[in-house]
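Remarks on the overall topology
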Amino acid sequence: QVQLEESGGGLVQPGGSLRLSCVGSRRIFGAMAWYRQAAGKQREWVAQISSSGATTYADSVKGRFTISRDNAKNTVFLQMNSLKVEDTAVYYCTASPNFGSWGQGTQVIVSS
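Being a predicted model, the structure only gives us computed values, none of them experimental.

Within a sheet, neighbouring strands are paired by backbone hydrogen bonds and run either parallel or antiparallel to one another. If you trace the six strands from one edge of the open sheet to the other, you get β2-β10-β9-β4-β5-β6, paired in mixed fashion. The sheet is open, and its two borders are formed by β2 (10-12) and β6 (55-57), each paired with just one other strand. Averaged over all neighbouring strand pairs, the angle between strand axes comes to 25°, with direction disregarded. Bridge analysis of β2 against strand β10 (residues 106-110) gives three bridges, and the strand direction is parallel.

Okay, structure coming up:
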């Protein structure tokens, strides 16, 4: 139902930070999540935030990434700190009730 657009990706050095944004075409009332897909690998779940603000994270990013949302702006964010080479991937967001429907993705490259 809602169209999603991810942005904020780019090229950063290991240890750097990026903040990704995902903007919906209208208000998002349910849970939202970030996924990523590295070259040659399956898409994996990264983080999720419920409608009430409860968050969960994949073990690989716990302590480094923070998911948040601004309901008034139809937006979910992913603050990524202490980036590692293995974080390199295209990052996608999705939203309830249509989990599995993605935006175009935004590419994150962590490289020296």
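Now, onward.
Following the criterion strictly, the structure yields two aromatic pairs and no others. Aromatic side chains tyrosine 92 and tryptophan 102 sit 6.2 Å apart centroid to centroid with 65° between the ring planes, which places their arrangement in the edge-to-face category. Of this pair, tyrosine 92 sits in strand β9 (residues 89-95) while tryptophan 102 sits in the loop between β9 and β10, and the two are ten residues apart along the sequence. One aromatic cluster is present, built from ring pairs that chain together Tyr35, Tyr92 and Trp102. Stacked on the ring of tyrosine 92, the Lys or Arg arginine 43 has its end atom at 3.7 Å from the ring centre.

This part covers the environment of threonine 66. With respect to the helices and strands, the residue threonine 66 is situated in strand β7 (residues 65-70). Note: C-alpha distance between threonine 66 and arginine 19 (47 residues apart in sequence) is 9.3 Å.

Under the defined criterion, the tally for this structure stands at four salt bridges. The shortest N-O distance in the salt bridge between arginine 36 and aspartate 87 comes to 2.9 Å. Within this pair, whereas arginine 36 is found in strand β4 (residues 32-37), its partner aspartate 87 is found in the loop between β8 (75-80) and β9, the two being separated by 51 residues in sequence. In this structure arginine 36 comes out as buried when scored by relative accessible area, which is 5%. Of the residues examined, aspartate 87 reaches a relative accessible area of 0% and is grouped as buried. Across the pair lysine 62 and aspartate 59 runs a salt bridge whose closest N-O atoms are separated by 3.2 Å. On the accessibility criterion, aspartate 59 (69% relative accessible area) is exposed. Connected through salt bridges with shared partners, the residues Arg36, Glu44, Arg64 and Asp87 form a single ionic network.

A word on the sheet that holds strand β3 (residues 18-24). Taken together, the four strands give an open sheet; going across it, the order is β1-β3-β8-β7, and neighbouring strands pair in antiparallel fashion. Looking at the sheet topology across the chains shown, the edges are occupied by β1 (4-7) and β7. This sheet shows a mean twist of 15° between the axes of neighbouring strands, independent of strand direction. As judged from the six bridges shared by β7 and β8, these two strands associate in the antiparallel manner. Among the inter-strand pairings, threonine 66 is bridged to a residue of β8, identified as glutamine 79.

This part takes up unusual backbone geometry. Phi is mostly negative for residues that are not glycine, and the peptide bonds are mostly trans. Cis peptide bonds are those with omega within 30 degrees of zero, and the linkage from serine 96 to proline 97 qualifies with 5°. With respect to the helices and strands, proline 97 occurs in the loop between β9 and β10. For asparagine 74, which is not glycine, the phi torsion reads 55° and is therefore positive. Here serine 82, not a glycine, exhibits a phi torsion of approximately 50°, which is positive. For serine 82, the location among the structural elements is in the loop between β8 and β9.

Rules and cut-offs
- Residues numbered from 1 in each chain as written.
- Predicted model: local features only at pLDDT ≥ 70, side-chain atom pairs only at ≥ 80, totals over all residues.
- Heavy atoms only, no water.
- Pairing = 2+ DSSP bridges.
- Helix = DSSP H or I, 4+ residues; strand = E, 2+ residues; numbered from the N terminus.
- Axes fitted to C-alpha atoms, helices over the stretch in contact; angles between N-to-C directions.
- Phe/Tyr/Trp six-rings, centres within 6.5 Å; stacked < 30°, edge-to-face > 60°.
- Lys NZ or Arg CZ within 6 Å of the ring centre and 35° of its normal.
- Salt bridge = Lys/Arg side-chain N within 4 Å of Asp/Glu carboxyl O.
- Buried < 20%, exposed > 50% of the residue type's maximum accessible area, 1.4 Å probe, protein only.

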